[in-house]
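Now for the letters of each chain:
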Amino acid sequence: MAAIETDALTRRYGEVVAVDSVDLTVEQGEVFGFLGPNGAGKSTLINMLLDYTPPTAGQARVFGHRTRGEAVDIRERVGVLPDAYQLYERLSGRRHLEFVVEARQADDDPDDVLARVGLDPADAERNAGDYSKGMAQRLVLGMALIGEPDLLILDEPSTGLDPNGIRLMRDIIREEVDRGATVFFSSHILGQVEAVCDRVGIMNEGRLIEVASLEEIRDAVGVGTTLHVTVDQQPDLTLSDLEAMDGVSNVRADGPELTMNLSDSTAKAKVINRLEDGGATVVDFETAESSLEELFAELIDEDETEAEVSA
Amino acid sequence: MRDHQLAVMARKDFDDAVRSKAVWVVSALFALIAILATYRISQINFPEGVPAGVVPKLVLVTLTNPITWIVPIIALVVGYMSVVGERRSGSLKLLLGLPFERGEIFVGKILGRTAVIGVSIAVGFVAMVVMIPVFVGLGAPGEFFVAILGLFVVTLLLGAVFTTLAVSVSALANTRRQAITTVFALFFVTHVAWTGVIQFLALPFGGVPRAGSGGWYLLLSYLSPTAAYTRVASLVFTNFPVPYPGIAMDGIGQRARIVESLQPTPFYLTEWFAVLTLLAWAVGAGLLAHAVFRNADLG
């Protein structure tokens, strides 16, 4: 049984299609990164998984439970860090945790939770209305962890966190997965997804345009490491000779400068050797990791071009 | 709905709402009004021969009128933001991430906020218990305490009904503005304007009826929750010189004459029918709001 399964899940707001017939399966035990620019429909899809928002068509199941009618069964097994929430400003951080412990009939000790998410016990006594965004985010992450949920749904979890907080978030995600939990988290920042995810799904304008492992996506779009090499003279080989090498693709030449994509970082030394064997001296080279940002932009570009063509 | 979840929800909501400054301001206002009204009555010169126990009870009877103003206002102030506020701020997403049914959230909030109103009403009644002996004396303490306890219970019922109305409006509203406009309109229609509206409706039928007929007119008059409260309150003041306390909204004489002419008292003018009227307001509003809230888009 999949942790999450959606079937032509759709949500319209008047003319606007916020989520457009999405079929998505997230298996138990994986870390699934849910990517897309702001407004792509990520939060709306999450809202439907938790039955905050009813779908206009299609359906979704979480651990086999229908979101419509079995939402409580789902909520029993899911810990949530929602997007755009607010704490109860007149209640202390500790009272928030106690409330969740009671609601879940769990036996977690609020002090352990505070320690785990790095909140000072003295801060926990203060009213949550005084919390910074980062403190609030830590508290709500802690609330989501109570009762060892089988699935964590984290909507933009790094919002408001400093680098330490982001590292803590990653560590916690790994710990939770090691415990056997499934993690589904959304982000519009790709670097954060890259570090922890097994698979990613990419949303754009309401549609799920790609679901794959990070490697598969890199291969599919043909990016990885980009190598720039400057040579002193024309070596005794052609561009296609280079392209024939393992892990090398998309070789371009601009005078003495060569640019190519490497899917395998060991290919760099081989390329340089090959050029020098060909009689040229490499005077300069640099590599750049193609960021997921580029990859992302490229995928969305492709998607939009296709949409225009089909229109 | 599960008791444990309701209790957890109600307790959280109570803890949250009772810390609101607005609640304490209106509670203090209630206590102040109780004190002022008690003082005013103590200044009346009663004729010789009025039994000692009557004056403190008369104070209570008189207080039912300000109570029909202040208690609904407190309840509406405490309740109107209860759901829509959480919905707009996003804290509702934290609740809905926990194993609560929407119905449990809704009813839990009604219970929690009713408890807050209960505290507020208790503050007002404590002020009365302290001030009445000071200003007018007690006369017959036993009778007085039974009466004030009875009035307290009946007033709790009024508070619970208006809290349910307020939380229901809050669950139905999409914005804070809608909620505040609706509770204001609700209070205006059910309390301030009710009698006037009934009189207006009676115009085509010859205006306010005279003795000997007009049971329908009183029926409509007492369908307002605050008027129903005054009828229920008269359960507490048995054998009291004023036959129909608290029904002076459009001339006590006229109504009393109608009631007297309708012997035996029709069922819809009994106190127990008024209890049912109050419950019907709460249950009706609650069912309507729950039906809508259950399927609302809370994303």
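Residues numbered from 1 in each chain as written. Chains lettered and ligands numbered in written order. Predicted model: local features only at pLDDT ≥ 70, side-chain atom pairs only at ≥ 80, totals over all residues. Heavy atoms only, no water.

A short note on the overall build of chain B
Heads up, the rule is: Numbering goes from the N terminus for both helices and strands, where a helix is a DSSP run of H or I of at least four residues and a strand is a run of E of at least two. The buried label goes to any residue with under 20% of its type's maximum accessible area, the exposed label to any with over 50%, and the partly exposed label to all in between, with areas taken from a 1.4 Å probe on protein chains only. Contact definition: two residues touch when any of their heavy atoms are within 4.5 Å. Per-residue accessibility takes into account occlusion by the displayed protein chains alone, with areas from the Shrake-Rupley method and a 1.4 Å probe.
Counting its regular elements, chain B contains 13 helices and zero strands. Taken from N to C terminus, the helices and strands of chain B fall in the order α-α-α-α-α-α-α-α-α-α-α-α-α. Across the 299 residues in chain B, those meeting the buried criterion constitute 55%. Long-range contacts, defined here as pairs at least 24 residues apart, represent 84% of the contacts in chain B between residues at least 6 apart. In the form shown here, chain B has an accessible surface area of approximately 12600 Å², with 69% of it arising from carbon and sulfur atoms.

Here's the deal with the layout of surface pockets
Quick note on the threshold: Of the two site types, the cavity is a set of points on a 1 Å grid over the protein atoms alone where a 1.4 Å probe fits but cannot get out, and the pocket is an open set with protein on both sides within 12 Å along at least five of seven lines, each lined by residues with an atom within 4 Å of a point. Grid points are joined across faces, edges and corners, and a volume is the space filled by probe spheres set on the points. Under the scheme applied here, ten amino acids are nonpolar (Ala, Val, Leu, Ile, Met, Phe, Trp, Tyr, Cys and Pro), four are charged (Asp, Glu, Lys and Arg), and all others, including Gly, are polar.
Considered as a void within the structure, the largest pocket measures approximately 490 Å³ in volume. Tallying contributions element by element places helix 4 (residues 84-89) of chain B first for the lining of the largest pocket, with three residues. Its residues placed into classes, the lining of the largest pocket shows nine nonpolar, six polar and seven charged. As for the second largest pocket, its lining consists of 15 residues, and the residues nearest its centre are D51(A), G69(A), A71(A), R102(B) and R294(B). Residue assignment for the lining of the second largest pocket shows that the elements contributing at least two residues are helix 2 (71-77) of chain A together with helix 6 (102-136) and helix 13 (271-294) of chain B. Considering every element that reaches the lining of the second largest pocket, the biggest residue donor is helix 2 of chain A, with four residues. Split by residue class, the lining of the second largest pocket holds three nonpolar, four polar and eight charged.

Looking at the side chain of N47(A)
Residue position: N47(A) is located in helix 1 (residues 42-49). Taking relative accessible area as the criterion, N47(A) reaches 8% and is therefore assigned buried. Excluding anything up to four places from it in sequence, N47(A) contacts Y52(A), T53(A), K93(B) and G299(B).

Section: the pattern of salt bridges
Keep this limit in mind: The salt bridge criterion pairs a side-chain nitrogen of Lys or Arg with a carboxyl oxygen of Asp or Glu, the two atoms within 4 Å.
Enumeration according to the criterion identifies 26 salt bridges over all chains in this entry. The partner of R199(A) in a salt bridge is E30(A), with the nearest N and O atoms 2.9 Å apart. Here R199(A) is found in strand 9 (residues 199-204), whereas its partner E30(A) is found in the loop between strand 2 (16-26) and strand 3 (31-35), with 169 residues between them in sequence. E70(A) is the partner of R66(A) in a salt bridge, and the nearest nitrogen-oxygen pair spans 3.3 Å. We classify R66(A) as partly exposed; its relative accessible area is 35%. Counted as one network, the salt bridges with shared partners bring together K12(B), D13(B), E86(B), K109(B) and R113(B).

Some words on the sheet that holds strand 8 (residues 182-187) of chain A
Pairing between the strands of a sheet is mediated by backbone hydrogen bonds and can be parallel or antiparallel. Residues and elements named next belong to chain A. For clarity, the threshold we go by: Following DSSP output, two strands are said to pair if at least two bridges run between them. Here an axis means a line fitted to C-alpha atoms, over the contact stretch when the element is a helix, while the angle between two N-to-C directions is reported on a 0 to 180 degree scale.
Taken together, six strands build an open sheet; the order of strands is 6-7-8-3-9-10 and the sheet is mixed. Where the open sheet ends on each side, the last strands, each with one partner, are strand 6 (78-81) and strand 10 (207-213). Across this sheet, the average inter-strand angle for adjacent strands is 15°, counted without regard to direction.

So, unusual backbone geometry
All names here are of chain A. At S21, a position not held by glycine, the phi torsion is positive, near 50°. Along the polypeptide, S21 turns up in strand 2. Accessibility expressed as a relative area gives 38% for S21, which makes it partly exposed. Look at F63: it is not a glycine, yet its phi comes out positive at around 50°. Along the chain, F63 turns up in the loop between strand 4 (57-62) and strand 5 (65-66). Taking relative accessible area as the criterion, F63 reaches 3% and is therefore assigned buried.

Notes on the pairing of strand 8 of chain A
Residue and element names in this part refer to chain A. Note the following rule: When the strands point away from the viewer, a crossover counts as right-handed if the route from the first strand across the helix to the second turns clockwise.
When you tally the buried positions in strand 8, you get six out of six residues, the bulk of the element. Burial along strand 8 is two-sided: the face carrying T182, F184 and S186 and the face carrying V183, F185 and S187 are both buried. As paired strands, strand 3 and strand 8 are joined by five bridges and run parallel to one another. By the bridge assignment for strand 8, F34 is matched with S186. Judged from the five bridges that link them, strand 7 (residues 151-155) and strand 8 form a sheet pairing that is parallel. Directly across from L152, in strand 8, lies its bridge partner V183. What joins strand 7 to strand 8 is helix 7 (residues 163-179), and the crossover it makes is right-handed.

A word on the domain arrangement of chain A
Threshold: For every domain, the bounds stem from an assignment made automatically or drawn from a database.
Along its sequence, chain A is organised into domain 1 (4-218) and domain 2 (224-289). Taking only C-alpha atoms into account, the centre of domain 1 of chain A sits 43 Å from that of domain 2 of chain A.

What about a nonpolar patch on the surface?
Residue and element names in this part refer to chain B. Stated precisely, the cut-off is as follows: For patches, a residue must show more than 30% relative accessible area and have no salt bridge; joins then use 9 Å for like charges and 5 Å for nonpolar side chains, namely Val, Leu, Ile, Met, Phe, Trp and Tyr.
Together, W69, I73, V77, F184, F188, V189 and V192 make up an exposed nonpolar region whose accessible area comes to about 610 Å². Looking at the nonpolar patch, the elements that each hand over two or more residues are helix 3 (54-79) and helix 8 (176-192). The greatest single-element share of the nonpolar patch, amounting to four residues, is contributed by helix 8. Structurally, F188 can be placed in helix 8.

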